[in-house]
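# An overview of the molecular structure
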Amino acid sequence: VQLQACGGGLVQAGGSLRLSCAASGSIFSIDSMGWYRQAPGKERVLVAAITSGGIPNYSGSVKGRFTVSRDNAKNTVCLQMNSLKPEDTAVYYCNAFIPTISATRPYWGQGTQVTVSS
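Residues numbered from 1 in each chain as written. Predicted model: local features only at pLDDT ≥ 70, side-chain atom pairs only at ≥ 80, totals over all residues. Heavy atoms only, no water.

Now for the sheet that holds strand S1 (residues 2-6). Strand order in the open sheet formed by 4 strands is S1-S3-S8-S7, and the pairing between neighbours is antiparallel. The open sheet has two edge strands, S1 and strand S7 (66-71), and neither has a second partner. Averaged over all neighbouring strand pairs, the angle between strand axes comes to 15°, with direction disregarded. Sheet topology note: the S7/strand S8 (residues 76-81) ladder contains 6 bridges and is antiparallel. The partner of Asp 71 across the bridge, within S8, is Thr 76. (Pairing = 2+ DSSP bridges. Helix = DSSP H or I, 4+ residues; strand = E, 2+ residues; numbered from the N terminus. Axes fitted to C-alpha atoms, helices over the stretch in contact; angles between N-to-C directions.)

Below is the structure:
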């Protein structure tokens, strides 16, 4: 199983970016999918996640500005980021919890840099 993310870049404060992530490989189903971010010198933290049934969950710092969505048929998850702030600058990682024969385990994308200038 591989997760391939794209869509990061440099944007001015107040601007928008859209991140996309596609899961591929031997996948029967995917539980939660989402996005985490890691700023320099800080831990990786949850930004937004969405269940297989489409129920989203957001961190307080992005609620109202970011929207997470997924396409179960295509095994993709997207993150629409609006009203970006310099503190949103981080490497963003997509994540998927995928059931296997033995257990459900997390898979990670390679990370994509988002830089918001003031």
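In this description, an aromatic ring pair is defined by two values, namely the gap between the centres and the angle between the planes. By the definition in use, this model includes 1 aromatic pair. Consider the rings of Tyr 36 and Trp 108, whose centres lie 4.9 Å apart with planes at 70°: the pair is edge-to-face. One end of the pair, Tyr 36, is in strand S4 (residues 33-38); the other, Trp 108, is in strand S10 (residues 104-108), and 72 residues separate them in sequence. It is Arg 44 that lies over the ring of Tyr 93; its NZ or CZ is 3.6 Å from the centre. The ring of Tyr 107 has Arg 105 lying over it, and the distance from NZ or CZ to the ring centre is 4.2 Å. (Phe/Tyr/Trp six-rings, centres within 6.5 Å; stacked < 30°, edge-to-face > 60°. Lys NZ or Arg CZ within 6 Å of the ring centre and 35° of its normal.)

This part is about the state of the cysteines. This structure, assessed with the given rule, holds 1 disulfide. Each sulfur of the disulfide joining Cys 21 and Cys 94 lies 2.1 Å from the other. Handedness here is read from the sign of the S-S torsion; for Cys 21 and Cys 94, about 45°, the answer is right-handed. Separated by 73 residues along the polypeptide, Cys 21 in strand S3 (residues 17-24) and Cys 94 in strand S9 (residues 90-99) bring together distant segments of the chain. The two residues Cys 21 and Cys 94 agree in class, both being buried. Left unpaired, Cys 6 is separated from the closest cysteine sulfur, that of Cys 78, by 8.2 Å. Here Cys 6 falls in the partly exposed class, since its relative accessible area comes to 46%. Looking at Cys 78, the relative accessible area reads 13%, which means it is buried. (Disulfide = S-S within 2.5 Å. Buried < 20%, exposed > 50% of the residue type's maximum accessible area, 1.4 Å probe, protein only.)

Further remarks concern the nonpolar core. Grouped together as the largest cluster of nonpolar side chains are 29 residues, with contacts concentrated most on Trp 35, Val 47, Phe 66, Leu 79, Met 81 and Tyr 92. For this core, the elements supplying multiple residues, two or more each, are S1, S3, S4, strand S5 (45-50), S7, S8, S9 and strand S11 (112-117). The biggest single contributor to this core is S9, with 5 residues. In contact with Val 47, other than residues within four places in its own chain, are Trp 35, Tyr 36, Arg 37, Asn 57, Tyr 58, Ser 59, Val 62, Phe 66, Leu 79 and Tyr 92. (Core = buried A, V, L, I, M, F, W, Y, C linked by side-chain atoms within 4.5 Å. Contact = heavy atoms within 4.5 Å.)

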